[in-house]
Amino acid sequence: MDDLPAAQDGSRRIGRGVFLATVAGGLSSLYWGKAAWGHVSHALHGVDEVLGPGSGWRIYTVAATMPTFDRANWRLRVGGLVEHPLELSYDELRALPQASQVTDFHCVTGWTVDNVRWRGVRFKDLLAQAQPHPEAHALEFVSAEQPYVDYLTLRQASLPDVLLAWEMEGKPLLREHGAPVRVVIPDMYGYKNVKWVAEINLVAQAGSGYWENLGYDRNAWVGRSNGY
Ligand SMILES: Nc1nc2c(c(=O)[nH]1)N[C@H]1C(S)=C(S)[C@@H](COP(=O)(O)O)O[C@H]1N2
Ligand SMILES: [Mo]
C-alpha cells in the first residue's frame, strides 16, 4: 500500500533530478510524455507580471478561463458520505480553526518553489461538522475549473502539513493560485494541490483525478511516483 508515504530516508527531495534523468534516459512512456506536454502547453504566459519576476511559480489551468471568486455568493459544498452536508460561505470557512505552515511546492514537471507560507484549515477541522460516515475513505475535490477533479484518501488528507488554504504569503490567495481556496499537500506533486476548490465529497475510495487519467500516479509522492 502506498497510500501513505514510505519512511523518510532523505530521498524525498530528488524529484527533479530523477525526472530529468528519466527523460534523458528515454525511459518515460509515450503516454506519460503526452501528459507532460499537455501540462506545459497550458502554462499561462505573463506570470511574472502577475506574481512578480522570479517568483518561481508557473500558473497552470486546464480550461480557457480561470474561475472568478464572488465573496458574497461563493459557497464550499461538503457532501457525499456525510451525516450533515455543509454549504460554507467564505466567512464561515474563515471562522474555522486556522493553521499555518511554511512548506516547499513541487511540480512533477521539475519546478519547485521553496518556503511557501500558507494559512488555511486542516481537514479534520473542516470535516468535524460534516461527520463523515464510517465507509467514507477518501475526499473528492471538485474544482470550479471544469473538468479538474482529484482525490486524497482520508489518511493522506490527515498527514501533517495538509491544508485547505485560503492565504499565501500573508495575502488572500490570488485568482491565479486558486482563489478563494486550494488544496496544499507538500509531500505530493502539484497536481494533487487542486485550485479553485468548489466541492468536497466524501467517497468510499479515491478515484482517478484529472492528471491521473492522463498517466500520472495516484500516489504522487514527491520523488517516488511514476516508478521513481
Ligand atoms: N483547478 C486546477 N488545479 C490545479 C491545476 C490546474 O490546472 N487546475 N494544476 C495543478 C498543477 S499540475 C500544479 S503544478 C499546480 C500549480 O499551482 P499554481 O498554478 O498555483 O502555480 O496546481 C495544480 N492544481
Ligand atoms: Mo504540476
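Note that the structure is predicted; figures quoted are calculated from it, not measured. (Residues numbered from 1 in each chain as written. Chains lettered and ligands numbered in written order. Predicted model: local features only at pLDDT ≥ 70, side-chain atom pairs only at ≥ 80, totals over all residues. Heavy atoms only, no water.)

*Asks:* Before we move on, can you summarise the pattern of salt bridges with the specific residues and values?
*Replies:* Tallied over the full model, the rule gives eight salt bridges. A salt bridge links Glu-167 to Arg-119, with the nearest nitrogen and oxygen atoms 3.6 Å apart. In this pair, Glu-167 is assigned in strand E7 (residues 163-168) and Arg-119 in strand E4 (residues 112-121), connecting sequence segments 48 residues apart. In this structure Arg-119 comes out as partly exposed when scored by relative accessible area, which is 27%. (Salt bridge = Lys/Arg side-chain N within 4 Å of Asp/Glu carboxyl O. Helix = DSSP H or I, 4+ residues; strand = E, 2+ residues; numbered from the N terminus. Buried < 20%, exposed > 50% of the residue type's maximum accessible area, 1.4 Å probe, protein only.)

*Asks:* Explain the site of ligand 1 to me, and be specific about the residues and the numbers.
*Replies:* In the region of ligand 1, 22 residues are neighbours, and Arg-58, Glu-145, His-177, Arg-182 and Lys-195 sit closest. Measuring from a nitrogen atom of ligand 1, one finds a backbone N or O atom of Asn-193 at 3.0 Å. Contact with the protein chains hides 100% of the accessible area of ligand 1, taken as 530 Å² for the molecule alone. Taken together, the residues of the shell around ligand 1 break down into twelve nonpolar, six polar and four charged. (Near = heavy atom within 4 Å. Polar contact = N/O pair within 3.5 Å; in protein donor to acceptor, adjacent residues only side chain to side chain. Areas by Shrake-Rupley, 256 points an atom, 1.4 Å probe, with all protein chains shown as cover. Nonpolar A, V, L, I, M, F, W, Y, C, P; charged D, E, K, R; others polar.)

*Asks:* An account of the packing of aromatic side chains is needed here, citing residue identities and associated values.
*Replies:* Counted according to the given criterion, the structure contains 13 aromatic pairs. Here the aromatic cluster, defined as three or more aromatic residues joined through ring pairs, consists of Trp-57, Tyr-60, Phe-105, Trp-111 and Trp-118. (Phe/Tyr/Trp six-rings, centres within 6.5 Å; stacked < 30°, edge-to-face > 60°.)

*Asks:* Pulling in residues and values, what's your account of the environment of Trp-118?
*Replies:* Within the secondary structure, Trp-118 is located in strand E4. Overall, Trp-118 belongs to the buried group, its relative accessible area being 1%. Residues Trp-118 and Ala-165, spaced 47 residues apart in sequence, show a C-alpha to C-alpha distance of 6.4 Å.

*Asks:* Tell me about the sheet that holds strand E10 (residues 197-203), residues and numbers included.
*Replies:* Either a parallel or an antiparallel arrangement is found when strands of a sheet pair, and the pairing is made through backbone hydrogen bonds. Spatial ordering of the open sheet is given by E2-E1-E10-E5-E6, a layout of five strands whose pairing is mixed. Edge positions in the sheet fall to strand E2 (86-89) and strand E6 (149-153), since each has one partner strand and no second. Recorded for the sheet is a direction-independent mean angle of 20° between the axes of neighbouring strands. Sheet topology places strand E1 (residues 75-80) next to E10; four bridges connect them, and they run parallel. The residue of E10 that forms the bridge with Gly-79 is Asn-201. (Pairing = 2+ DSSP bridges. Axes fitted to C-alpha atoms, helices over the stretch in contact; angles between N-to-C directions.)

*Asks:* Pulling in residues and values, what's your account of the pairing of E1?
*Replies:* Relative to E2, E1 runs antiparallel, the two sharing four bridges. From the neighbouring strand, Val-78 faces E2, where its bridge partner is Leu-86. Hairpin connection of E1 to E2: five residues between the antiparallel strands.

*Asks:* Quick one: what's the story with the pairing of E6, residue by residue and with numbers?
*Replies:* Buried residues dominate E6, accounting for five of its five residues. Burial of E6 is two-sided: the residues Val-149, Tyr-151 and Thr-153 facing one way and the residues Asp-150 and Leu-152 facing the other way are all buried. The antiparallel pairing of strand E5 (residues 138-143) with E6 creates a hairpin that spans five residues between the two strands.

*Asks:* Explain the environment of Val-181 residue by residue, including any values.
*Replies:* Secondary-structure assignment places Val-181 in the loop between strand E8 (171-172) and strand E9 (182-184). What makes Val-181 buried here is its relative accessible area of 0%. Apart from residues no more than four positions distant in its own chain, Val-181 is found in contact with Trp-74, Leu-93, Leu-164, Ala-165, Trp-166, Leu-173, Val-194, Lys-195, Trp-196 and Val-197. (Contact = heavy atoms within 4.5 Å.)

*Asks:* Which residues make up unusual backbone geometry, and what values do they have?
*Replies:* The amide bond that connects Gln-146 to the next residue, Pro-147, takes the cis arrangement and shows omega of 5°. For Pro-147, the location among the structural elements is in the loop between E5 and E6. Backbone geometry places Gln-131, a non-glycine residue, at a positive phi of 55°. Following the sequence through the fold, Gln-131 ends up in the loop between helix H5 (123-127) and E5. Under the relative-accessibility criterion, Gln-131 is labelled partly exposed at 40%. Backbone geometry at Trp-196 places phi at a positive 55°, although glycine is not the residue there.

Function cannot be read off these values alone, since they describe shape.
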